[in-house]
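Survey of secondary and tertiary structure
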Amino acid sequence: MKKHFLTCCYLLSVFVMVNAQGSFITTDGTQFYYEGKPYYFLGTNFWYGLNLGSKGAGGDRSRLIRELDQLESMGITNLRIMAGSEGPDEEPWRMSPALQPSQGEYNQEVLDGLDFLLAEMGKRKMFGVVCLNNFWPWSGGMTQYLVWQKGGRIPYPPPAEGGDWGSYQLFTTDFYTNESAMKAFEQHMAFIIQRTNPYTGKAYRDDPTIMAWQLANEPRGILKIAAYRTWIERSAAFIKTLDKNHLVTIGSEGATSSKFAGTRFNKDHAIANIDYTTIHIWVQNWGWFDPEKGEASLPEAEAKAKKYLLKHVSQAKKLHKPIVLEEFGISRDNNSHDASTPATIRDAYYRFMFEQIFELAEKGTPVAGANFWAWGGEGRPREPHAIWKAGDDFIGDPPHEYQGWYSVYDKDESTLRVIREFAGKMKGL
C-alpha cells in the first residue's frame, strides 16, 4: 500500500510539473526541458521559411510543405527562422519582399506566410527559434531601423563596390544609442509577440511551437560595448513583459575570431532575462580553413573549432545555462558553388562537429543542440556563384552571399546520411 501511495505521489508530481510547464520548452540550469523530459535536438537554419509560406511573390507553399516533410523525416526538430525583415524591397542584397517594407507597415502576404510556417511546424512537433532583428544588412535589420529614423544611406559592405565590413559595422552600432530606432524595433517585437495566428487561433506568445525569441542575428558591440549590453538587457526585459512563456536568447556568435567584434560571451549571457547561450563557428569565414588546400587544411580547422566550442561550453557551465551551436557550415569541395560538386569535406566536417555536440551532450555538459547552416532544400541558384535577386529560389545562402556556398540541398545524399544519423542520436538522448 505504501509503495502504491508513493508511486501515485510521484506520478502526481510529474503531472503537476508538466502541467505547470505546459508544452513550452523551458530551462532548468544547464538543461532544456520539454514536457518534463530533457530536450536535445539537431536542427537547421531555415531563415526564409516565412517567404516560402507566402501566397504572394516569392512564396511556394507546396515547396514549404515538402521541405518540412523532408526535414521531419530526417529527424530535424528545430528550425531557426526569421520573423523580421525590413524594406524597402528595392534595396539591394536583402530578403524581398520584406515583412516590414516601411516602418510599422507590414506585407500581409509575408506575415501570413509566417503564420502558415509556424502552424505547419506545429503539426510536425518542430520548434522554432524566432529571430527578430539582424546586425547584417541581408534582411534590413538594425541599419534599416537607423535609416528610417535619421535618413541617409547604408554604407553597404561587400558585394557592394568598394564596400567595407568595418565601416558597415561601425555604422550599425549607432542603433544601440538611437532611442527612436530602438523603440521602432520594440514596436515590431510587440506586434509579432502579441499577434494571433489565424491558422492556430493562438497568440504567438501562447504558441509552444516557438521555443525562443532571439533578439538579433549575430549582434556585435564593436566600439559601443556598454551600449550594446544595455540594449540586450533592455530588449530581453521588454520581451519578458509581453511573454512569460518563452525563452529569450541573444543570437550571439560568442567570442568570434576578432576582438573588434565587441562581444563578451560571459557578460552578455549573464543578463538575467537571457535564458540560454549560443555560439556560431565559421572556420572558412574566419580563415581557419583554406578550401584550396582541402583535406590538408581540415584537421587544423577542426582543432580550432573544437577549442572554440569547448571554451564556450566551459563558460556556459559557469553561467549555469544551456548552450547551442546554432550556426556552422563549410563549402563544397574546392569551394565550388555548383550543386553537382561533391561535398566530401563538408560531410567530414559535419560528422566531426556533430560528434563533438553529441559526445558533450551525452556527458551531461550544457550542450543541448546544434543547427547547421543552412537548409537549401529543393532550391537552386539560377547559376552557381550568382548573387540572389528577387525571383530566384530561396536557398540557405542569404541574398548578400554568393549562392550555393553553404546550402545543403535535398539531393545531397551523403550529407543527409550524416545529418540523419546524428539527429537520431540526439533524439535518443
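Everything that follows concerns the structure shown earlier in this document.
Below is a summary of the structure that appears in this document. (Residues numbered from 1 in each chain as written. Predicted model: local features only at pLDDT ≥ 70, side-chain atom pairs only at ≥ 80, totals over all residues. Heavy atoms only, no water.)

**Quick notes on the sheet that holds strand S6 (residues 127–131)**
The sheet built from eight strands is open, its strands ordered S8-S7-S6-S5-S4-S11-S10-S9 with parallel pairing. If you trace the sheet from one side to the other, it starts and ends with strand S8 (247–249) and strand S9 (277–281), each paired once. Neighbour-to-neighbour, the strand axes of this sheet turn through a mean angle of 25 degrees, independent of strand direction. As defined by bridge partners, strand S5 (residues 78–82) adjoins S6 across five bridges and the pair is classed as parallel. In the sheet register, Leu79 faces S6, and the bridge partner there is Gly128. (Pairing = 2+ DSSP bridges. Helix = DSSP H or I, 4+ residues; strand = E, 2+ residues; numbered from the N terminus. Axes fitted to C-alpha atoms, helices over the stretch in contact; angles between N-to-C directions.)

**Quick look at helix H3 (residues 61–74)**
Between its first and last C-alpha, H3 extends 20 Å over 14 residues, near the 20 Å set by a 1.5 Å rise per residue. Every buried residue of H3 is accounted for by Arg61, Arg63, Leu64, Glu67, Leu68, Gln70, Leu71 and Met74. As for H3, its buried residues are in contact with strand S4 (41–45), helix H2 (49–52), S5, helix H4 (108–123), strand S12 (375–377) and helix H12 (413–428). Phi turns positive, to about 95 degrees, at Gly75, one or two residues after H3. (Expected span 1.5 Å × (residues − 1). Buried < 20%, exposed > 50% of the residue type's maximum accessible area, 1.4 Å probe, protein only. Contact = heavy atoms within 4.5 Å.)

**Examining empty space enclosed by the protein**
By the definition in use, this model includes five cavities of 30 Å³ or more. Together, Asn45, Trp47, Arg80, Ile81, Met82, Cys131, Trp138, Asn217, Glu327 and Trp373 line the largest cavity. Grouping the constituent residues of the lining of the largest cavity by class yields six nonpolar, two polar and two charged. Here the second largest cavity defines a volume of roughly 40 Å³. Around the second largest cavity, the lining residues are Pro92, Trp93, Pro137, Tyr156, Pro157, Pro158, Pro159 and His400. Residue classes in the lining of the second largest cavity are distributed as seven nonpolar, one polar and no charged. (1 Å grid on protein atoms, 1.4 Å probe; cavity = no way out; pocket = protein on both sides within 12 Å on 5 of 7 lines; lining within 4 Å. Points joined across faces, edges and corners; volume = space filled by probe spheres on them. Nonpolar A, V, L, I, M, F, W, Y, C, P; charged D, E, K, R; others polar.)

**What to know about the side chain of Ser54**
Among the secondary structure elements, Ser54 is positioned in the loop between H2 and H3. Among the residues examined, Ser54 registers a relative accessible area of 2% and is labelled buried. With near-sequence residues (within four places) excluded, Ser54 lies in contact with Gly59, Asp60, Arg61, Glu109, Val110 and Gly113.

**Here's the deal with the nonpolar core**
Side chains of a nonpolar character, in soluble globular proteins, are inclined to be buried together. Ranked by internal contacts, the top residues of the largest apolar core, which has 116 residues, are Trp231 and Ile281. Here the element with the most residues in this core is helix H11 (residues 344–362); it accounts for 10 residues. Beyond its immediate stretch of four places on either side in the chain, Ile281 contacts Trp286, Trp288, Ala305, Tyr308, Leu309, Leu325, Glu327, Phe328, Gly329, Tyr349 and Met353. Core analysis: the second largest hydrophobic core is formed by 13 residues, Tyr39, Phe41, Tyr276 and Val324 among them. (Core = buried A, V, L, I, M, F, W, Y, C linked by side-chain atoms within 4.5 Å.)

**Let's talk about the layout of surface pockets**
Here the largest pocket is characterised by a volume of approximately 640 Å³. Here the residues of the lining of the largest pocket sort into 13 nonpolar, 10 polar and five charged. What the second largest pocket holds in volume is close to 420 Å³. Contributions of two or more residues to the lining of the second largest pocket are made by strand S3 (37–38), S4 and H12. For the lining of the second largest pocket, the element with the most residues is H12, which contributes three residues. Each residue belonging to the lining of the second largest pocket can be placed in one class, and the counts come to 12 nonpolar, two polar and six charged.

**A few points about the packing of aromatic side chains**
For the coordinates displayed, the defined rule picks out 38 aromatic pairs. Summarising the aromatic geometry, the rings of Trp136 and Tyr168 are spaced 6.1 Å apart at their centres and angled 25 degrees between planes, so their arrangement reads as stacked. Of the two residues, Trp136 is situated in the loop between S6 and helix H5 (141–150) and Tyr168 in helix H6 (residues 165–172); the sequence distance between them amounts to 32 residues. Each member of the pair Trp136 and Tyr168 is classed as buried. (Phe/Tyr/Trp six-rings, centres within 6.5 Å; stacked < 30°, edge-to-face > 60°.)

**Details of the packing of H5 against H6**
Where H5 meets H6, the closest approach of the two axes is 9 Å, and the angle between their N-to-C directions is 60 degrees. As the angle between them shows, H5 and H6 are arranged oblique. In the packing of H5 onto H6, the handedness of the crossing is left-handed. Contacts between H5 and H6 involve Met142, Thr143, Leu146, Val147 and Lys150 from the former and Tyr168, Phe171 and Thr172 from the latter. Partitioning the contact of H5 with H6 into residue classes produces five nonpolar, two polar and one charged. (Parallel < 35°, antiparallel > 145°, perpendicular 65-115°, else oblique. Left-handed = near helix turned anticlockwise from the far one by under 90°.)

**Some words on the sheet that holds strand S1 (residues 26–28)**
Within the open sheet, the three strands sit side by side as S1-S2-S3. Their pairing is antiparallel. Sheet topology places S1 and S3 at the edges, where each strand pairs with a single neighbour.

**Overview of the packing of H11 against H12**
Where H11 contacts H12, the axes come no closer than 9 Å and their chain directions differ by 5 degrees. On the basis of the axis angle, H11 is roughly parallel to H12. Contact residues: H11 offers Arg346, Asp347, Tyr350, Arg351, Phe354, Glu355, Ile357, Phe358 and Ala361, while H12 offers Ser414, Thr415, Val418, Ile419, Glu421, Phe422, Lys425 and Met426. Class assignment for the residues of the contact of H11 with H12 results in nine nonpolar, two polar and six charged.

**Some remarks on the pairing of strand S2 (residues 31–34)**
As paired strands, S1 and S2 are joined by three bridges and run antiparallel to one another. By the bridge assignment for S2, Thr27 is matched with Phe32. Hairpin connection from S1 to S2: two residues lie between these consecutive antiparallel strands, with Gly29 at a positive phi of about 65 degrees. Strand direction decides the pairing type here: S2 and S3, joined by two bridges, are antiparallel. Its bridge partner lying in S3, Tyr33 is registered against Pro38. In sequence, S2 turns back onto S3 through a hairpin of two residues, with Glu35 there showing a positive phi of about 50 degrees.

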